[in-house]
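Observations on chain architecture
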Amino acid sequence: MLITIYKNTLKTIFRTKTFWLCMFVMLIVAAQGAISGYYVGDDEPGTVLNFNDYIQVISNCCITTLLQYAMPIFSIITVALIINHDYRDNFFEIEKSAGMKPSHYVLGRISALLALNSVIVVLLHFICLYTYLITRGWVKDMTYIECIADSLPRILRIDAFVAIPCITFYLGIALLFGNVLKSGIATTVFSSSYAIAYYVFNLIFRHRIGETYFNYFSPIPKKLRQYFHFYDTEWFDGLLKSYDLSIEKAIFCLFFLVGIFILGALVSYLITRKRTV
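My aim in this report is to walk through the structure given alongside it, one point at a time. Note that the structure is predicted; figures quoted are calculated from it, not measured.

A short note on the overall build of the chain
Tallying secondary structure elements over the chain gives twelve helices and zero strands in all. Along its sequence from the N terminus, the chain presents helices and strands in the succession α-α-α-α-α-α-α-α-α-α-α-α. Over its C-alpha atoms the chain spans a radius of gyration of 20 Å, differing by no more than 12% from the 19 Å that the globule rule assigns to 277 residues. With the C-alpha coordinates of the chain rotated into their principal frame, the extents come out at 65 × 35 × 30 Å. Taken over 277 residues, the chain has a buried fraction of 49%. By sequence separation, contacts in the chain at least 24 residues apart represent 79% of the contacts at least 6 residues apart. Surface accessibility of the chain: about 13400 Å² in total, with carbon and sulfur atoms responsible for 66%. Taking the average location of the 23 positive side-chain charges in the chain and that of its 18 negative ones, the two points are 14 Å from each other.

In structure tokens form, the structure reads like this:
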């Protein structure tokens, strides 16, 4: 039954025009971020990318282009689509009358949302990075095969430890609002408001106030993303000292992000369990 709910959740999302419209927008966002560039002058003809630039762009494609607001809002919308389906079409009542356990129902829904958004952020990260590299003539002194072989584990690493935890945070926020308010529109408005507020707050105040918040309790904690920025490079040890980083601080940030997700999932389960046929 859990697998059935997982599959049905994906089918529900894939059948909506909203999802495909959002996917189209996300592809444009990824391509536009890559084409616009990340450094002054890197969009000019004759740009030469060295290894240092290439390493930083891997992080920038993920953090700057995808995670600041675009991917969070996308993930919030996927939750909103499911919330609408739950409360508008009485899908849960139908499943419960057939003997579905609330725990299986919630776990199937959440697993599908997490898997879908994880795959999409990885896909968009690849598109963004390779669009950037292709439009800049690739990386100096690296063959195509060498660059792909080197970038693949770096992309997957930063997605696994930064991008996906960030997405789980927003999924948790959206699940919490969605199940309390029982409305997909309200879920989108309130959750997206937080995502946009964080983007604006980060843009204006990140160097002025809220050091503890930005370091540990924001959707993209600095102690987490900076730890993986130059991971597995010759600059890594120096970065640890310069920015006061450690694996323990990075793990704390991970626990915070995943903890919010678990809280949202728990609230979703408790409210679902109380629903009657």
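On we go.
Looking at helix H4 (residues 70-88)
Compared with the 27 Å implied by 1.5 Å per residue over 19 residues, the 27 Å span of H4 between its first and last C-alpha is a close match. Of all 19 residues in H4, 15 are buried, a share of seventy percent or more.

Points about the layout of surface pockets
Its boundaries defined by the atoms lining it, the largest pocket holds a volume of some 740 Å³. If you trace the largest pocket, you find 27 residues lining it, with Ile63, Thr64, Gln68, Arg206 and Arg225 closest to the centre. For the lining of the largest pocket, the secondary structure elements donating two or more residues are helix H2 (17-36), helix H3 (51-67), helix H8 (184-205) and helix H10 (222-229). For the lining of the largest pocket, the element with the highest residue contribution is H3, accounting for six residues.

Examining the environment of Phe24
As for its placement among the helices and strands, Phe24 is situated in helix H2. For the pair Phe24 and Leu107, spaced 83 residues apart in sequence, the C-alpha separation works out to 28 Å.

Observations regarding the packing of H3 against H4
When two helices pack together, you describe them by how their axes are tilted relative to each other and by the distance separating the axes. Orientation of H3 relative to H4, taken along the N-to-C sense of each, is 60°, at an axis distance of 5 Å. Accordingly, the angle class assigned to the pair H3 and H4 is oblique. Side by side, H3 and H4 meet where Thr65, Leu66 and Leu67 of the first sit next to Ala70, Met71 and Pro72 of the second.

What to know about the packing of aromatic side chains
With the rule as written, the count across this model stands at 33 aromatic pairs. A ring pair is formed by Phe169 and Tyr194, whose centres lie 5.9 Å apart and whose planes are at 40°; its orientation type is tilted. Taken together, the residues span a long stretch of sequence, with Phe169 in helix H7 (residues 144-181) and Tyr194 in helix H8 at a distance of 25 residues. Exposure remark for Phe169: the relative accessible area of 3% places this residue in the buried category. Residue classification places Tyr194 among the partly exposed positions, given a relative accessible area of 28%. Here the aromatic rings of Phe169 and Phe256 are separated by 5.9 Å at their centres, their planes lie at 40°, and the arrangement is tilted. Pair noted here: Phe169 is in helix H7 and Phe256 is in helix H12 (residues 247-274), with a separation of 87 residues, a long-range link. Of the two residues, Phe169 and Phe256, neither departs from the other in class, the shared state being buried.

Overview of the environment of Tyr243
Along the polypeptide, Tyr243 turns up in the loop between helix H11 (236-242) and H12. Given the relative accessible area of 42%, Tyr243 is considered partly exposed. Through-space distance from the C-alpha of Tyr243 to that of Gly33 is 27 Å; in sequence the pair is 210 residues apart. Aside from chain neighbours lying at most four places away, what touches Tyr243 is Lys223 and Gln226.

A short note on the nonpolar core
By size, the foremost hydrophobic cluster in this structure holds 78 residues, and its most contacted members are Leu67, Met71 and Leu133. Considering every element that reaches this core, the biggest residue donor is helix H6 (residues 102-135), with 14 residues. Once you skip the residues sitting within four places of it in the chain, Met71 turns out to touch Met26, Leu66, Asn117, Ile120, Val121, Leu124 and Ile167.

As for the state of the cysteines
Disulfide: a covalent bond connecting the sulfur atoms of a pair of cysteines. Counted according to the given criterion, the structure contains zero disulfides. The thiol of Cys22 is not disulfide-bonded; the next cysteine sulfur, from Cys166, is found 17 Å away. Judged by its relative accessible area of 13%, Cys22 is buried.

Concerning the side chain of Ser218
Following the sequence through the fold, Ser218 ends up in the loop between helix H9 (211-217) and H10. On the accessibility criterion, Ser218 (0% relative accessible area) is buried. One polar contact links the side chain of Ser218 to the main-chain carbonyl oxygen of Phe214, over a distance of 3.4 Å. Excluding anything up to four places from it in sequence, Ser218 contacts Tyr198, Tyr213, Phe256 and Leu257.

The rules behind these values
- Residues numbered from 1 in each chain as written.
- Predicted model: local features only at pLDDT ≥ 70, side-chain atom pairs only at ≥ 80, totals over all residues.
- Heavy atoms only, no water.
- Helix = DSSP H or I, 4+ residues; strand = E, 2+ residues; numbered from the N terminus.
- Rg over C-alpha atoms; globule rule 2.2 N^0.38 Å.
- Buried < 20%, exposed > 50% of the residue type's maximum accessible area, 1.4 Å probe, protein only.
- Contact = heavy atoms within 4.5 Å.
- Areas by Shrake-Rupley, 256 points an atom, 1.4 Å probe, with all protein chains shown as cover.
- Lys, Arg positive; Asp, Glu negative; His and termini not counted.
- Charge placed at Lys NZ, Arg CZ, Asp CG, Glu CD.
- Expected span 1.5 Å × (residues − 1).
- 1 Å grid on protein atoms, 1.4 Å probe; cavity = no way out; pocket = protein on both sides within 12 Å on 5 of 7 lines; lining within 4 Å.
- Points joined across faces, edges and corners; volume = space filled by probe spheres on them.
- Axes fitted to C-alpha atoms, helices over the stretch in contact; angles between N-to-C directions.
- Parallel < 35°, antiparallel > 145°, perpendicular 65-115°, else oblique.
- Phe/Tyr/Trp six-rings, centres within 6.5 Å; stacked < 30°, edge-to-face > 60°.
- Core = buried A, V, L, I, M, F, W, Y, C linked by side-chain atoms within 4.5 Å.
- Disulfide = S-S within 2.5 Å.
- Polar contact = N/O pair within 3.5 Å; in protein donor to acceptor, adjacent residues only side chain to side chain.

Remember, this is a structural readout, not a statement about activity or role.
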